[in-house]
Amino acid sequence: MDSVFAAIAQAPEDPILGVTVAYNKDPSPIKLNLGVGAYRTEEGKPLVLNVVRKAEQFLVNDHAAIEENRVATAQCLSGTGSLRVGAEFLAKHYHQHTIYIPLPSWGNHLKVFTMAGLSVKTYRYYDPTTRGLNFQGLLEDLGAAPAGAMVLLHACAHNPTGVDPTLEQWEQIRQLIRSKGLLPFFDSAYQGFASGSLDADAQPVRMFVADGGECLVAQSYAKNMGLYGERVGALSIVCKAADVASRVESQLKLVIRPMYSNPPIHGASIAATILKNSDMYDEWKIELKAMADRIISMRKQLFDALSARGTPGDWSHIIKQIGMFTFTGLNSDQVAFMTKEYHIYMTSDGRISMAGLSSKTVPHLADAIHAAVTRGCYKQI
């Protein structure tokens, strides 16, 4: 099957950035580029971009799609910016304008895609009865989606539910998406937070890349590197051929130029330094696993505390769900009660950030949940 981006034309050169392109093509030994406002050393070279290139090489040497130059990647403003750039690109260059997002999903997904001009529909994902995955509903809804439609997939640690498909279920999802000719768009905001392993949490994305098909991946380093204020992210579009990827990259530049022109460099330099240095990279993986393990520990402590209190209902979903968030099953009245009486703040849908808990605060939260539940408004499963 031909690339879904095969019809994309090479973008015309930006009138300012085009100066650099012309400069690079000029073979003259006395050429001088004074068109772009970017700092250069006495040798006429950038200070940081070499580091970024090394980091990129360090990251991508292990995959055929990268080695074959089939991936167009742009540094973006964290995960949100990566999603928005991808949405703008698809709205302009993709033949379908409908994207399916899971129900529920991160609240900003609807806004990001709608503002970009895409039509947003949902597919069943969370089962409030079991507080787990509605896998059959997911398959039915994606199976009924029109050919070519886009599908937003949480790469791992689904937000807000903390419910992820198993690898076997991911394989079924992959087969369905490919057989229907749907276009997967991964949101990878929590890599490393689901299992504590960067590689394990990347498996769903790698399954789709390995089959040779096309997909988009929006990545954020805000959580797994703690770079919240630095806005470090990337959008990668995996294509079927290098020439297609080159044209896609040229069009991504046109999307980005009037949006924010260039991304900030400080946070990206920190990320690149960690990724290119083997000792730092190993240390990062250890610290990331420690963060993930602490969250897992908070889940167990909260479950144990509720069990010790004899809190009505089945709370096993707390330890079954993964990642930063737990979808507790508490309703908006119970959340309001807990805020008023116990000064505990969370979203009205009952989602809590496990990372905000500590061993000292778990008993307080357990007391609040127990009180809210025993007031009589809890629906037991």
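Along each chain, residue indices are assigned from 1 in the same order as the chain's sequence is written. Only residues with pLDDT of at least 70 get local features here, since the model is predicted, and only at 80 or more are side-chain atom pairs given and counted; chain-wide, interface and lining totals rely on the full set of residues. Remark: hydrogens and water are excluded; side-chain values derive from all non-hydrogen atoms of the structure.

Caption draft 1: Main features of the packing of helix H4 (residues 78–93) against helix H9 (residues 242–256). All axes here are fitted lines through C-alpha atoms, helices being fitted over the stretch that makes contact, and every angle between N-to-C directions spans 0 to 180 degrees. In this description a helix means any DSSP run of H or I spanning at least four residues, a strand means any run of E spanning at least two, and both kinds are numbered starting from the N terminus. It is the contact of H4 with H9, at a shortest axis distance of 10 Å, that shows an interaxial angle of 110 degrees. In this view, H4 runs roughly perpendicular relative to H9, as classed from their interaxial angle. Once H4 is placed against H9, the crossing between them reads as right-handed. The segment H4 lies against H9, with Val 85, Glu 88, Phe 89 and His 93 engaging Val 248, Gln 251, Leu 252, Val 255 and Ile 256. The scheme is simple: roughly parallel for angles under 35 degrees, roughly antiparallel for over 145, roughly perpendicular for 65 to 115, oblique for anything else. With the far helix as reference, a near helix turned anticlockwise by less than a right angle produces a left-handed crossing, and one turned clockwise produces a right-handed crossing. Here a residue-residue contact requires only that any non-hydrogen atoms of the pair lie within 4.5 Å.

Caption draft 2: Examining helix H7 (residues 167–180) more closely. The terminal C-alpha atoms of H7 lie 20 Å apart, and with 14 residues this matches the ideal 20 Å at 1.5 Å per residue to within 8%. The inward-facing, buried residues of H7 contact strand E5 (132–133), helix H6 (135–143), strand E6 (150–154), strand E7 (183–188) and helix H8 (198–210). Of the residues flanking the end of H7, it is Gly 181, one or two places downstream, whose phi is positive at about 70 degrees. Multiply 1.5 Å by the residue count of a helix minus one, and that product is the helix's expected span.

Caption draft 3: Seen up close, the packing of aromatic side chains. Each pair of aromatic rings taken from Phe, Tyr and Trp, with Trp reduced to its six-membered ring, is defined by centres within 6.5 Å and is described as stacked if the planes are under 30 degrees apart, edge-to-face if over 60, and tilted in the remaining cases. Tallied over the entire structure, the rule returns seven aromatic pairs. Each ring, one from Phe 186 and one from Phe 208, has its centre 5.1 Å from the other, and the planes form 75 degrees; the classification is edge-to-face. Pair noted here: Phe 186 is in strand E7 and Phe 208 is in helix H8, with a separation of 22 residues, a long-range link. Across the pair, Phe 208 and Phe 186 agree in class, each one buried. A ring pair is formed by Tyr 190 and Phe 325, whose centres lie 6.0 Å apart and whose planes are at 85 degrees; its orientation type is edge-to-face. One end of the pair, Tyr 190, is in the loop between E7 and H8; the other, Phe 325, is in strand E10 (residues 325–327), with 135 residues separating them in the sequence. Exposure categories follow from relative accessible area, calculated using a 1.4 Å probe and restricted to protein chains: below 20% of the type maximum is buried, above 50% is exposed, and the middle band is partly exposed. Note on Tyr 190: relative accessible area 7%, which makes it buried. Note on Phe 325: relative accessible area 9%, which makes it buried. Within the aromatic cluster, the residues linked to one another by ring pairs are Trp 170, Phe 186 and Phe 208. Remark: a charge is flagged as sitting over a ring if the NZ atom of Lys or the CZ atom of Arg is within 6 Å of the ring centre and within 35 degrees of the ring normal. Over the ring of Phe 325 we find Arg 351; its NZ or CZ atom is 3.7 Å from the centre of that ring.

Caption draft 4: Region of interest: the sheet that holds E7. When DSSP finds two or more bridges between two strands, those strands count as paired. With respect to topology, seven strands assemble into an open sheet ordered E1-E9-E8-E7-E6-E2-E3, the strand pairing being mixed. Since the sheet does not close on itself, it has two edges, and those belong to strand E1 (71–77) and strand E3 (119–124), each with one partner. Going from strand to strand, the sheet's axes swing by 25 degrees on average, the running direction of each strand aside. The sheet contact formed by strand E2 (residues 98–103) and E3 spans six bridges and is parallel. Bridge pairing in E3 links Leu 103 to Arg 124.

Caption draft 5: Structural detail: unusual backbone geometry. Cis peptide bonds are those with omega within 30 degrees of zero, and the linkage from Leu 103 to Pro 104 qualifies with 0 degrees. Mapped onto the elements, Pro 104 comes out in the loop between E2 and helix H5 (107–115). A positive phi is found at Ala 157, a non-glycine position, where the angle reads about 50 degrees. Counting through the fold element by element, Ala 157 comes out in the loop between E6 and H7. By relative accessible area, Ala 157 is classed as buried at 3%. Backbone geometry places His 343, a non-glycine residue, at a positive phi of 60 degrees. Structurally, His 343 is set in the loop between helix H13 (332–342) and strand E11 (351–353).

Caption draft 6: How the structure looks around H8. An ideal rise of 1.5 Å per residue puts 18 Å on 13 residues; H8 measures up with 17 Å between its terminal C-alpha atoms. When the local axis directions of H8 are compared, the greatest deviation, roughly 50 degrees, occurs at Pro 204. Listed as buried for H8 are Leu 198, Asp 201, Ala 202, Pro 204, Val 205, Met 207, Phe 208 and Val 209. A distance of 3.4 Å separates the backbone nitrogen of Asp 199 from a side-chain oxygen at the start of H8, and that oxygen is part of Ser 197. One axis is fitted to the seven residues ending at the residue and one to the seven starting there. The bend at that residue is the angle between these axes. Two N or O atoms form a polar contact when they lie within 3.5 Å of each other; inside protein one atom must be a possible hydrogen donor and the other a possible acceptor, and for residues adjacent in sequence the pair counts only when both atoms belong to side chains.

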